[in-house]
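Single-letter residue listing:
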Amino acid sequence: MTPTQNKPSATLEKVVIRFAGDSGDGMQFTGSQFAFTSALVGNDLATFPDFPAEIRAPKGTTGGVSGFQIQIGTVEIYTPGDAADVLVAMNPAALKSNLKFVKPGANLIIDIDAFDKRGAKKAGYEGDPLENPKMEAYHIIQAPITSLTKKAVADSGLDTKSQMQCRNMFALGLVYWLFERSVDQTIKELNQKFGKKAPAVAQANTDALMAGYNFGLTVEALPSTYKVPPAKKASGTYRHISGNVATAWGLMAAREKIGNILFYGSYPITPASDILHELSKHKHLDVITLQAEDEIAAVCSAIGASYAGQIGVTASSGPGIALKGEAIGLAMMAELPLVILNVQRGGPSTGLPTKTEQSDLNLAIKGRNGESPIIVLSASTPSQCFEMAYRAVKLAVEHMTPVMLLTDGYLANGSEPWKIPDLGALPPIQQPLAVAKEGETFLPYLRDPEKLSRFMAVPGTPGLEHRIGGLEKQDQTGNVSYDPANHEFMVKIRAEKIARVANYVPEQAIFGPKEGELLVVGWGGTFGALRTAVKELRDEGHNVSLAQFNYLSPLPKNTAEVLGNFKHRLVCELNLGQFANYLREQFPQYTYEQYNKVQGLPFTIQEIKEEILKHV
């Protein structure tokens, strides 16, 4: 039970907290627990886990620092925040790596036990980092986290290493006290996680959690606590969800709607692997998962599932998507429904495995040999990954073509509250099944007159025998054809089929007035920063609107009208201008300004505001 507070409290509209320490210090678990607890309180929130790329960098060095940032609020929250109001630094390396993400005047909670000469030297400091004059800009709380954790768990029976793994719970308890959060949910989680197999571990972590909380009650360096009241949200049942989990659930919702088996063929790759992990838990929901030996095997197994009339899905990040290219072209030519999830990370090649980027747009739209058009979608928030995964299945099945859904590391690992939808309210998915007609030869490439999609012929169905493969098809019959005129006809009709998908996707929405001086243009996971920046500038009286695109190929039917209703267009993306160049190609009658960032980091609200002000 949470002890009673005994200090004055200040109310905040929103606050940003960042946890940082070695990759073995449990910062992700600590941040996740704070997020779960804040969601139960009713705060709106957004999170951003920041992983090191190295599997295990030397302990105490900046290369091994792991961070977790969360913004909670009583108002709508679209991003994890630009800079932290509170930083918990478990060692000097964590301080050095994260101080640039902290506001002047912020509270710095440090484990003073780790700030010895050896720790400072490993982090690259010359001398005591706390004696640097720059530190005078912050309110430093020197908490003896290591020594007090040792004292709290001394009777646990755990070895020294296991005792030290409880330090993160001490830090969490202190932050719970600071923001008037209950410890009860985390104690429940600890008992569920460790209680049966390792009750001593559960008890030690609970003792450390309470020791941190009680330290807050007694320490003089923290004169008050802070209260962030619940946000006003639409009624319904909510849960805290990450982008990867939301993607997995969207796929399963589509499976439930159709009634087919969901087959997921994948090869582990950061940051997409958690989709495989989540789907593998749900075999009882007719979900089959395969961890293939490589990327090519993964996509080909999914194509096999699609050919069998089921829902074939594969996933990867940029390097793996490149390897899948030929097989995606096969699914395009065979005109089979296939969903490809591309959780983008920094590139090229192996690039930045744990960092976010939007550099796969060219790959998604054009990254296959020959004329190989497919549908390309993107998600804007972690929770919207559910909707876009569902729509990816719907479009793939109903139009008999591959669909690539672009998310990114920022969305995949980030999380936010999500209102669980009514499955019955989701749009229907109608599989265009072929029907055998007595006395007639089945023509596998006979098309729907409106969509131009062919019909699904499930293998083994009497009267629907046909051939399929990667060689060019003869119109209607599907026989192998080398006729030049037929090849050109099939290339054009496959392209027209994708173009007509624009008739079946929503028109492009605008945040703000539908016409004016400046239109900020974005796509995918940059939504939070762009939406917040535009809203704040509009509140200050500036004439600016936002168009955030989720349907990329084909673009919505009203795209030309949307772009043309503004004097200027500023395209903001985490690459060197791929969407801007795409728009120039599609709508050359307009001019486009660019703001680009390729640092493995998401946009900050402040940098977007500063850039917009240059154009208004």
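Residues numbered from 1 in each chain as written. Predicted model: local features only at pLDDT ≥ 70, side-chain atom pairs only at ≥ 80, totals over all residues. Heavy atoms only, no water.

**Quick look at the pairing of strand β16 (residues 415-419)**
What counts, and what does not: Exposure categories follow from relative accessible area, calculated using a 1.4 Å probe and restricted to protein chains: below 20% of the type maximum is buried, above 50% is exposed, and the middle band is partly exposed. By the criteria applied, helices consist of DSSP H or I runs no shorter than four residues and strands consist of E runs no shorter than two, each listed in order from the N terminus. Criterion used throughout: strands pair if DSSP finds at least two bridges between them.
Counting buried positions along β16 yields 4 of 5 residues, so the element is predominantly enclosed. Alignment of strand β9 (residues 238-242) against β16, held across 5 bridges, turns out to be antiparallel. Residue pairing across strands places Tyr238 opposite Lys419, the latter belonging to β16.

**Digging into the domain arrangement of the chain**
How big an interface is tends to be expressed through the accessible area that disappears when the partners come together. The condition that has to hold: Those domain boundaries reflect an automatic or database domain assignment. Residue contacts are counted whenever heavy atoms from the two residues lie within 4.5 Å of one another. Buried area, as used here, totals the accessible surface that two parts lose on assembly, with accessibility defined by a 1.4 Å probe and the loss added over both. Salt bridges are defined by distance alone: a side-chain nitrogen of Lys or Arg within 4 Å of a carboxyl oxygen of Asp or Glu. Gly falls in the polar group here, along with every residue not listed as nonpolar (Ala, Val, Leu, Ile, Met, Phe, Trp, Tyr, Cys, Pro) or charged (Asp, Glu, Lys, Arg).
Here the chain is described as being made up of domain 1 (9-227), domain 2 (239-425) and domain 3 (516-613). When each unit is reduced to the centre of its C-alpha atoms, the spacing between domain 2 and domain 3 is 25 Å. Contacts between the two partners involve 28 residues from domain 2, matched on the other side by 22 residues from domain 3. For the pair domain 2 and domain 3, the summed buried surface comes to about 2,000 Å²; carbon and sulfur atoms form 55% of the total. In this structure, the salt-bridge partner of Glu585 is Lys366, at a minimum N-O distance of 2.6 Å. For the side of domain 2 that touches domain 3, the elements supplying multiple residues, two or more each, are α14 (361-366), β14 (375-378), α15 (384-399), β15 (402-408) and α16 (409-413). The residue inventory of the side of domain 2 that touches domain 3, partitioned by class, reads 13 nonpolar, 9 polar and 6 charged.

**Considering the packing of helix α6 (residues 167-178) against helix α8 (residues 199-218)**
Defined as follows: Structural elements are reduced to axes, namely lines fitted to C-alpha atoms, with helices fitted over the stretch in contact, and the angle between N-to-C directions of any two is expressed from 0 to 180 degrees. Angles below 35 degrees are treated as roughly parallel, those above 145 as roughly antiparallel, those between 65 and 115 as roughly perpendicular, and all remaining angles as oblique. Crossings are classed by handedness, with left-handed meaning an anticlockwise turn of the near helix from the far one by less than a right angle and right-handed meaning a clockwise turn.
One way to put it is that α6 packs onto α8 with a least axis distance of 6 Å and a crossing angle of 40°. Between α6 and α8, the angle falls in the class oblique. Relative to α8, α6 is oriented so that their crossing is right-handed. Here Asn168, Met169, Phe170, Leu172, Gly173, Leu174, Tyr176 and Trp177 of α6 lie close against α8, whose contacting residues are Asn205, Ala208, Leu209, Ala211, Gly212, Tyr213, Phe215, Gly216 and Leu217.

**Notes on the packing of aromatic side chains**
Applied cut-off: Here a pair means two rings of Phe, Tyr or Trp (six-membered ring of Trp) with centres within 6.5 Å. Their orientation is stacked below 30 degrees between planes, edge-to-face above 60, and tilted elsewhere. Charges are assigned to positions over rings by a cutoff of 6 Å between ring centre and Lys NZ or Arg CZ, combined with an angular limit of 35 degrees from the ring normal.
All chains considered together, the criterion is met by 14 aromatic pairs. Ring plane angle 75° and centroid distance 6.2 Å describe the contact between Phe34 and Phe179, whose orientation is recorded as edge-to-face. Taken together, the residues span a long stretch of sequence, with Phe34 in helix α1 (residues 27-41) and Phe179 in the loop between α6 and α7 (184-194) at a distance of 145 residues. Pair check on accessibility: Phe34 and Phe179 agree, each one buried. Here Phe48 and Tyr410 contribute two aromatic rings whose centre-to-centre distance is 5.5 Å and whose plane-to-plane angle is 55°, an arrangement assigned as tilted. Residue Phe48 is found in strand β3 (residues 44-50), and its partner Tyr410 is found in helix α16; the two are separated by 362 residues along the sequence. Take Phe48 and Tyr410: they sit in the same class, and that class is buried. Here Arg454 stacks its cationic end above the ring of Tyr445, 5.1 Å away from the centre of that ring. The side chain of Arg569 reaches across the aromatic face of Tyr592, ending 6.0 Å from its centre.

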